[in-house]
Amino acid sequence: MPWTQHTLQFAAKRRGFHLVTHEIVAQIPEIGELRMGLLNLFLQHTSASLTINENADPDVQVDLEASMNAIAPESFPYIHTCEGPDDMPAHVKSSLLGASLTVPVRDGRLALGTWQGIYLVEHRNHASTRRVVATLWGE
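Residues numbered from 1 in each chain as written. Predicted model: local features only at pLDDT ≥ 70, side-chain atom pairs only at ≥ 80, totals over all residues. Heavy atoms only, no water.

K.L.:
Any chance you could explain the sheet that holds strand β4 (residues 48-54) here in plain terms?
P.N.:
Note on sheets: strands pair through backbone hydrogen bonds, and any given pair is parallel or antiparallel. Taken in spatial order, the three strands line up as β2-β7-β4 in an open sheet, and their pairing is antiparallel. The open sheet has two free edges, formed respectively by β2 (16-19) and β4, since each of these has just one partner strand. Strand-to-strand twist across the sheet, computed as the mean angle between neighbouring axes with direction ignored, equals 35 degrees. Bridge count between β4 and strand β7 (residues 116-122): seven bridges; the pairing is antiparallel. When the sheet's bridge partners are listed, Thr 51 is paired in β7 with Tyr 119. Relative to β2, helix α2 (residues 58-71) is tilted by about 145 degrees, and along the sheet it contacts β2, β4 and β7. Across the sheet, helix α3 (residues 87-97) is in contact with β2, β4 and β7; its angle to β4 comes to roughly 50 degrees. (Pairing = 2+ DSSP bridges. Helix = DSSP H or I, 4+ residues; strand = E, 2+ residues; numbered from the N terminus. Axes fitted to C-alpha atoms, helices over the stretch in contact; angles between N-to-C directions. Contact = heavy atoms within 4.5 Å.)

This is the structure we're talking about:
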């Protein structure tokens, strides 16, 4: 299979960790055609993140959000404040979690572990639509 690339759109979400594994798979039907490959996901924003974590217990999402807020609180004396008090903490959180993921594909499915899911993490209080460039390659 040749390389393929999609720009995935995600509607604006509230601040927090949002499981998007099924949305990603639904927007990239070519995944089902691969025996073996790689999917790279790149988020085109600096105040949100992508991460892989447990997908079974929703308490994990709550605890992760609380932990991120403790690591990069809005009350810290940031210099960059022109876009609101949630902006610079969002940049810090994005740098910590990252803007890209690479996930193996095996037998037409993402080769995630049993309890793993892909999260779009929104760090802003009032977010906009988010875009992810998804690049897929395999055979």
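Let us keep going from here.
K.L.:
What is the right way to look at the pattern of salt bridges in this model?
P.N.:
Any two side chains of opposite charge can pair, given that their charged atoms come close. Enumeration over the complete set of coordinates arrives at seven salt bridges. For the salt bridge of Glu 139 with Arg 35, the shortest nitrogen-to-oxygen distance reads 2.4 Å. One end of the pair, Glu 139, is in the segment after β8 (130-138); the other, Arg 35, is in the loop between α1 (21-27) and β3 (36-43), and 104 residues separate them in sequence. Accessibility expressed as a relative area gives 47% for Arg 35, which makes it partly exposed. (Salt bridge = Lys/Arg side-chain N within 4 Å of Asp/Glu carboxyl O. Buried < 20%, exposed > 50% of the residue type's maximum accessible area, 1.4 Å probe, protein only.)

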